[in-house]
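Coordinate inspection notes
The primary structure of each chain is shown beneath.
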Amino acid sequence: MSKNRNLLFNPPRGTEKPAANQNRGHFGALRGGKLLVAFSGGKDSLALLHYVWTHRERMGWEITACHVNHNLRGAESRRDADFCRNWCSERGIPYIEAEVDVKHTPEASARGVEHAAREHRYKALEEARVKSGCACILTAHTRDDQLESFFVDLMTGASIFTLGGIEAVNGRLVRPVLNVSTEEIAEYLERNGLSPVYDSSNDDPRYVRNLVRRTLIPAVKSLDSGIMDSIGRVQAESATLRGWMDERTAKAVTHMPEGGVAIDRKLLDSFSAPERMYAIGKWLSFLCRGGRAHTGAVMEQLSRPRSVRHNLPEGWLCEVAPRTVRIFPAVSVAPFCVDKAERTESAELPDGRLVKFPPDMIDTAFRVRSRKNGDRYGGKKLKDMFEKRGVEPYGRDRALVIESGGEIVWVEYLPDTQKMKIEVAAYTSDTPD
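For every chain, the first residue of its written sequence is number 1, and the numbers climb from 1 along that sequence. Since the coordinates come from a predicted model, pLDDT governs what is reported: local features require at least 70, and pairs of side-chain atoms require 80 or more to be given and counted, while whole-chain, interface and lining totals use all residues. Excluded from the side-chain calculation are hydrogens and water; included are all heavy atoms of the structure.

**Let's talk about the sheet that holds strand 19 (residues 407–411)**
Hydrogen bonds along the backbone pair up the strands of a sheet, which may run parallel or antiparallel. What counts here: Strands are treated as partners if at least two bridges between them are detected by DSSP. For the purposes of this entry, the term helix denotes a DSSP run of H or I that reaches at least four residues, the term strand denotes a run of E that reaches at least two, and both are numbered from the N terminus. Every axis in this analysis is a line fitted to C-alpha atoms, fitted for helices over the stretch in contact. Angles between the N-to-C directions lie between 0 and 180 degrees.
Strand order in this open sheet of four strands is 12-15-18-19, and the pairing throughout is antiparallel. Every interior strand has two partners, whereas the edge strands, strand 12 (337–340) and strand 19, have only one. With direction set aside, neighbouring strand axes in the sheet form an average angle of 30 degrees. Pairing analysis gives four bridges linking strand 12 to strand 15 (residues 366–369), with the strands arranged antiparallel. From the neighbouring strand, Val 338 faces strand 15, where its bridge partner is Val 368.

Here it is in structure tokens:
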């Protein structure tokens, strides 16, 4: 067998420049660090964990392994967890095991099991990183994963901005073997006598990625015409373009504490048409898997004067108003009604907002609710008062209306009619992010 000069078989030298080998560069930059290695027990993660364990003393690494059990494959999932636990125990590797019932999570119902598993896996890995005091999380994504991502993106509605593939470094996440092929992984496992577990879900044809892996990837590799390098260049150019567009449009976007984003219309209107389309399309896709049709509908509405709401996938809404484009979960504008009992100083709303009453109102019972059609305050329609003050529909639907004995005595956002010193705290301390 010829010498394989891939990173996995040639430990990084302390004097080697990162540019000499991308993978060595990533490992070299981690010298002396505390590393959390995501460990599924499969071939890629087994090769990665074995490598960092083998070279831990030479590189000054402190390593911890983390296995996330998604409970998707019954006895097979338990087998994988047992394998990872025992493998680490035999080598004295600190080990963390996380478990989540993915099928019964809200994310699985809304966006599918694959998405839910990915979301909970990275959440569990980050929690394990904090718990173990590690600086970063290593995952074993390979060159084949990168290639698969390209075709999966194409088959699921990609744009020129979303073909960038998997990032080698993304915050605390580091993917140091992204240039390593499946064949090189197999060679490494054979050389070191390593036997991974096998995930039978990789044979399930219902998953797009499995279809790509079993049909497209072998065909692409057989062409041997530089197509893989070409795809790599397209992904790199897409990532560069996306980064540039992110930088150009970020100033217009504000994250809303109740979920979603608000895009400033004045700044949005100052962008070029491609920049506007990117900013809207990016967040529609990211938040609720909105597609090109949704983006087109929002873009069309930008030229019209009236405020309009669009229904989006997975229970989200997009509101196009004169000053703001908001993308938010529909539950954040759902009607609400709670009662403040006598001799209490506050009332908590279903979304976690806390309404605090002044001392002279504590002994009185009040009802706190959202607005209703036909509401009047001081002889005027609430709708007209909101419009006069420029309160957009999103704000109107979330505005607090406080009544006593069936009569409205206080309305949020209407300070000229308010004499009561009522405060609204954004969220209570135990409200989830």
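**Some details on the packing of aromatic side chains**
Here is the rule: Working definition: rings of Phe, Tyr and Trp (its six-membered ring) pair if their centres are within 6.5 Å, and the pair is stacked with planes under 30 degrees apart, edge-to-face with planes over 60 apart, and tilted otherwise. Accessibility here uses a 1.4 Å probe with only protein chains present; expressed as a share of the type maximum, an area under 20% marks a residue as buried, one over 50% as exposed, and anything in between as partly exposed.
Per the stated rule, a full pass over the model turns up eleven aromatic pairs. Each ring, one from Phe 27 and one from Tyr 51, has its centre 5.0 Å from the other, and the planes form 45 degrees; the classification is tilted. Of this pair, Phe 27 sits in helix 1 (residues 22–29) while Tyr 51 sits in helix 2 (residues 43–54), and the two are 24 residues apart along the sequence. Classification of Tyr 51 as buried rests on a relative accessible area of 0%. On the basis of an interplanar angle of 85 degrees and a centroid distance of 5.3 Å, the ring pair of Phe 150 and Phe 151 is categorised as edge-to-face.

**Brief notes about the side chain of Asp 397**
In plain terms, the rule: By the convention used here, residues are in contact when the closest approach between their heavy atoms is within 4.5 Å.
Turning to its location among the elements, Asp 397 is positioned in helix 15 (residues 393–398). Once residues within four sequence positions are removed from consideration, Asp 397 is found in contact with Arg 309, Val 333, Phe 336, Ser 370 and Arg 371.

**Things to note about the nonpolar core**
Note the threshold: We define the nonpolar core as a collection of buried residues of types Ala, Val, Leu, Ile, Met, Phe, Trp, Tyr and Cys that are connected through side-chain atoms lying within 4.5 Å of one another.
Counting residues in each nonpolar core, the largest one holds 30 residues, and the members touching the most others are Phe 27, Leu 49, Val 52, Trp 61 and Leu 138. Of all the elements in the fold, those that place two or more residues in this core are strand 1 (34–38), helix 2, strand 2 (62–69), helix 4 (75–91), strand 4 (136–138) and helix 8 (182–191). Ranked by residues supplied to this core, first place goes to helix 2 with seven residues. Contact partners of Leu 49, with chain neighbours within four places excluded, come to Val 37, Phe 39, Ile 63, Ala 65, Trp 87, Cys 88 and Ile 93. Counting 21 residues, the second largest nonpolar core, distinct from the first, contains Ala 279, Leu 284, Leu 302 and Leu 312.

**Observations regarding the pairing of strand 11 (residues 324–329)**
Here strand 11 lies mainly inside the structure; six of its six residues are buried. Burial along strand 11 is two-sided: Thr 324, Arg 326 and Phe 328 and Val 325, Ile 327 and Pro 329, pointing in opposite directions, are all buried. Where strand 8 (residues 261–264) meets strand 11, four bridges bridge the pair, whose relative direction is antiparallel. Pairing of Ile 263 across the sheet is with Val 325, part of strand 11. As paired elements, strand 10 (residues 316–320) and strand 11 share five bridges and run antiparallel to each other. From the neighbouring strand, Glu 319 faces strand 11, where its bridge partner is Arg 326.

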